[in-house]
Amino acid sequence: MQDIPDKATLLAAVRRFLKADLAAVIPDPALRFRVLIAANLLGVVERELGHEQAHHAAEVGRLVALLEDADAEMLLGLQGDAARREALGPLYERLLEGDSADPDAVFDHVKATLAEKLAVVNPRFDLSSTID
Amino acid sequence: MDEHSELAERLQAGLEAATGASVTIDAVAPMHGGACQDNLGVAFTVEAGSDAGAYRMVLRGDAPSSLPQSLSRRQEFEVIQAATEVGVKTPRARWLMHDVTRPGAWSYCLDRIEGEAIGRKIVSDPRLASGRALLVDELSQILSRIHTVTPEGHPDLPLEDSDPLEAVETWLKPLPEPHPALSLALKWLDNHRPSPRATTLVHGDFRTGNFMLTPEGVSGILDWEFAHWGCPEEDLGWIAVRDWRFGQLDKPIGGFATRTAFYDAYEVASGQQVEWDAVHWWEIMGNVRWAAGCACQGQRYLRGEVVDLELIAIARRAAEMEWEALRLIEQGPSRRA
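Along each chain, the written sequence defines residue order, and numbers are assigned to residues from 1. As a convention, the first chain written is A and the first ligand written is 1, with the rest following in written order. In keeping with the predicted nature of the model, local features appear solely for residues at pLDDT of at least 70, side-chain atom pairs appear and are counted solely at 80 or more, and the whole-chain, interface and lining totals rest on all residues.

## A closer look at the overall build of chain A
Part 1 of the argument: Here a helix means four or more residues in a row that DSSP labels H or I, a strand means two or more in a row labelled E, and each is numbered from the N terminus. Tallying secondary structure elements over chain A gives five helices and zero strands in all.
Part 2 of the argument: In chain A, the order of α-helices and β-strands from amino to carboxyl end is α-α-α-α-α.
Part 3 of the argument: Against the compact-globule benchmark of 14 Å for 132 residues, chain A has a radius of gyration of 19 Å, which places it well outside the compact range.
Part 4 of the argument: Taken along its principal axes, the extent of the C-alpha atoms in chain A is 55 × 50 × 20 Å.
Part 5 of the argument: Each of the 132 residues in chain A was classed as buried or not, and the buried ones make up 12%.
Part 6 of the argument: Within chain A, contacts between residues at least 6 apart in sequence are counted, and of these 56% link residues at least 24 apart. As defined in this context, the radius of gyration uses C-alpha atoms, and a globule is described by 2.2 Å times the residue total to the power 0.38. The burial label depends on the number of other C-beta atoms within 10 Å of a residue's C-beta. Counts of 20 or more mean buried, 12 or fewer mean exposed, and intermediate counts mean partly exposed, with C-beta atoms placed from the backbone. What counts as a contact here is a pair of residues whose C-beta atoms, placed from the backbone, lie within 7 Å.

## As for the overall build of chain B
Part 1 of the argument: Across its full length, chain B holds twelve helices and nine strands.
Part 2 of the argument: Computed over the C-alpha atoms, the radius of gyration of chain B is 20 Å, within 12% of the 20 Å expected from 2.2 N^0.38 for a compact globule of 337 residues.
Part 3 of the argument: The C-alpha extent of chain B, read off along each of the three principal axes, is 60 × 45 × 45 Å.
Part 4 of the argument: For chain B, long-range pairs separated by at least 24 residues make up 69% of all intrachain contacts whose partners lie at least 6 apart in sequence.

## Remarks on the packing of helix H2 (residues 29-66) of chain A against helix H5 (residues 103-121) of chain A
Residue and element names in this part refer to chain A.
Part 1 of the argument: Helix axes are fitted to C-alpha atoms over the stretch in contact, other axes to C-alpha atoms as well, and angles between N-to-C directions run from 0 to 180 degrees. In the contact formed by H2 and H5, the axes pass within 8 Å of each other and the chain directions differ by 170 degrees. Between H2 and H5, the angle falls in the class roughly antiparallel. For the pair H2 and H5, contact is made by Val-44, Arg-47, Glu-48, His-51, His-55, Ala-58, Glu-59, Arg-62 and Leu-66 and by Ala-105, Val-106, His-109, Ala-112, Thr-113, Glu-116, Ala-119, Val-120 and Val-121, respectively.
Part 2 of the argument: Its residues placed into classes, the contact of H2 with H5 shows nine nonpolar, four polar and five charged. Put simply, angles under 35 degrees are roughly parallel, angles over 145 are roughly antiparallel, angles from 65 to 115 are roughly perpendicular, and the rest are oblique. Classification used: nonpolar for Ala, Val, Leu, Ile, Met, Phe, Trp, Tyr, Cys and Pro, charged for Asp, Glu, Lys and Arg, polar for all others including Gly.

## Digging into the interface of chain A and chain B
Part 1 of the argument: Contact residues are listed per partner, giving 24 residues for chain A and 23 residues for chain B.
Part 2 of the argument: Of the residues forming the side of chain A that touches chain B, the biggest block, seven residues, is contributed by H5(A).
Part 3 of the argument: For the side of chain A that touches chain B, the per-class residue count stands at 15 nonpolar, three polar and six charged.

## Let's talk about the pairing of strand E2 (residues 38-46) of chain B
Residue and element names in this part refer to chain B.
Part 1 of the argument: Here the rule is simple: two strands pair whenever DSSP picks up at least two bridges between them. Relative to E2, strand E1 (residues 23-30) is paired through seven bridges, and the arrangement is antiparallel. Within E2, the position partnered with Val-23 by the bridge is Val-46.
Part 2 of the argument: As paired elements, E2 and strand E3 (residues 53-61) share nine bridges and run antiparallel to each other. Pairing of Asn-39 across the sheet is with Arg-60, part of E3.
Part 3 of the argument: Between E2 and E3, which pair antiparallel in sequence order, lie six residues; one of them, Gly-49, sits at a positive phi of approximately 85 degrees.

## What to know about the domain arrangement of chain B
Residues and elements named next belong to chain B.
Part 1 of the argument: Once the domains are mapped, chain B shows domain 1 (3-111) and domain 2 (119-331).
Part 2 of the argument: As used throughout, domain bounds are those supplied by an automatic or database domain assignment. Centre-to-centre separation of domain 1 and domain 2, based on C-alpha positions: 26 Å.
Part 3 of the argument: The residue makeup of the side of domain 1 that touches domain 2, split by class, is 13 nonpolar, seven polar and three charged.

## What about the nonpolar core?
Residues and elements named next belong to chain B.
Part 1 of the argument: Connectivity within a nonpolar core runs through C-beta atoms within 7 Å, and the core itself is a set of buried Ala, Val, Leu, Ile, Met, Phe, Trp, Tyr and Cys residues. In this structure, Ala-185, Val-288, Ala-291 and Ala-325 are the most contacted members of the largest nonpolar core, which totals 103 residues.
Part 2 of the argument: When residues in this core are grouped by element, the largest group, 13 residues, is from helix H10 (residues 276-302).
Part 3 of the argument: Counting residues domain by domain, this core receives three or more from each of domain 1 (3-111) and domain 2 (119-331).
Part 4 of the argument: Apart from residues lying up to four places away in sequence, Ala-325 is in contact with Ala-181, Ala-185, Ile-284, Asn-287, Val-288 and Ala-291.

## Details of the packing of helix H1 (residues 7-22) of chain A against H2(A)
Residue and element names in this part refer to chain A.
Part 1 of the argument: Two elements in contact, H1 and H2, have axes whose closest approach is 9 Å; the angle formed by their N-to-C orientations is 160 degrees. By the angle between their axes, H1 is roughly antiparallel relative to H2. Classified by chirality, the crossing of H2 by H1 is left-handed. Note on element contacts: H2 touches H1 through Val-35, Leu-36, Ala-38, Ala-39, Leu-42, Gly-43, Val-45, Glu-46 and Leu-49, opposite Lys-7, Ala-8, Leu-11, Ala-12, Val-14, Arg-15, Leu-18, Lys-19 and Leu-22. Left-handed describes a crossing whose near helix is turned anticlockwise from the far helix through less than a right angle; right-handed describes the clockwise counterpart.

## Notes on the sheet that holds E1(B)
Residue and element names in this part refer to chain B.
Part 1 of the argument: Sheet architecture is open: five strands sit in the order E1-E2-E3-E5-E4, paired in antiparallel fashion. In this open sheet, the two strands that pair with only one neighbour each are E1 and strand E4 (93-98). Across this sheet, the average inter-strand angle for adjacent strands is 30 degrees, counted without regard to direction.

## Describing helix H9 (residues 259-270) of chain B
All names here are of chain B.
Part 1 of the argument: The end-to-end C-alpha distance of H9 is 16 Å, a good match for the 16 Å that twelve residues give at a rise of 1.5 Å each.
Part 2 of the argument: All of the buried residues in H9 are Arg-259, Phe-262, Tyr-263, Ala-265 and Tyr-266. Along the long axis of H9, the arc covered by the buried residues comes to 160 degrees, so they all point the same way.
Part 3 of the argument: Turning to H9, the residues buried within the fold contact helix H5 (135-146) and helix H8 (232-238).
Part 4 of the argument: The positive-phi residue at the C-terminal boundary of H9 is Gly-271, with phi of around 70 degrees. In this scheme, a helix's expected span is set at 1.5 Å multiplied by one less than its residue total. The arc in question is traced by the directions running from the helix axis to the C-beta atoms.

## Overview of the environment of B:His228
Part 1 of the argument: Along the polypeptide, B:His228 turns up in strand E9 (residues 228-230).
Part 2 of the argument: Apart from residues lying up to four places away in sequence, B:His228 is in contact with B:Leu159, B:Glu160, B:Asp161, B:Ser162, B:Val202 and B:Gly204.

## Regarding the confidence of the model for chain B
Should the pLDDT be low somewhere, the predicted coordinates at that spot are not to be read in detail.
Residues and elements named next belong to chain B.
Part 1 of the argument: Per-residue confidence for chain B gives a mean pLDDT of 91; residues scoring 70 or more make up 96%.
Part 2 of the argument: Ranking the helices and strands of chain B by mean pLDDT puts H5 first, with 98, and helix H1 (residues 3-19) last, with 85.
Part 3 of the argument: For this predicted complex, the interface score ipTM comes out at 0.94, while the overall pTM is 0.91. Every residue gets a pLDDT, meaning the predictor's confidence in that residue, from 0 to 100.

What follows is the structure, given as structure tokens:
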């Protein structure tokens, strides 16, 4: 176990430094834009750290409901993006090849997973169905 | 000798060959803008002949790597010539050259035009309000002129007429991670293809961010990198893609107009009826294509082709376009208000 400040606190400190202290004093607009992109990417990582366990569990829960033979316990135990991607990839291939009896439920699952991704990537993205 | 003075020597040789006159290079400086191609600001003087004069232009060269489906500068040059001939307001392209920006790369000079291209300012800057009021009329007229260029009228234009779904699939194939939303959307698109209509020049990236606006109106349409033969509804759907609204979600056409206002204006300008169901299909296709494009831009970084923070930041934004494609499939086509 590391000492405090923990990684989320460190990331937040760097993000605030880039956005509040550094960006304000960079005269070159192109460089300032990149500093703001960098700050935004740190925000993505912070939100991902906060959500990744819950989002993985939710995605696996829905996948297991759609593919009855999927091994929930094994999938939930996976640590790290690479292992998760390797295990989930073939399940998505089966879903999309029509291995699930309910195409509407597959559609809803994919949309729910996107909503979770967007909560991390861009929490300001409007998820309502009637935007225009 | 630094990078730019070597380039200045090659530019001088290229321009002298192209103009048949002696040329003095006055300045070469990098420019910001365009995540895809190499653009440089250049100033030079052509000393004699029919092109004699002082010029401040943009030198646009092939980038070291680009997205599949994008044109070379040689093709782009010919497309701009064809568009200019039918009266499309776009910066004039001159003097196609080879081996100037990099060995093997094509390049040409583009007129500089005045105006604002930044999306958020286009849709909301109060200083541009008078220009914004002209966007529906001017852009629908520009677009209808682009669509008067046809393969029959321009048999020598070096353009492809590729299947749009196959094009996106070639973008997606090298991606290491699954994109189930895109697979679902592609399946829906394949099952709902609109019947083919007219084949015309398609700009391929006609949207807010790719035209310049002044308080007097549109000063020119930019960026012909994705031009191809296709159907007019493709450009009409692309300009409605959500990512070009810059916060003005209730103005689906580029963040500045309703669909009804823009498609009606296009019908008047072109004399052609707009098929709303087909445009809806292309709007979904546009979101799928831009989602795939975002993921591909990230791959260019991950493969080490381009070290650019903007490219890696764009990759995860694919989820936004994927969401929008699924939302549009669920909503069905919009109807004329």
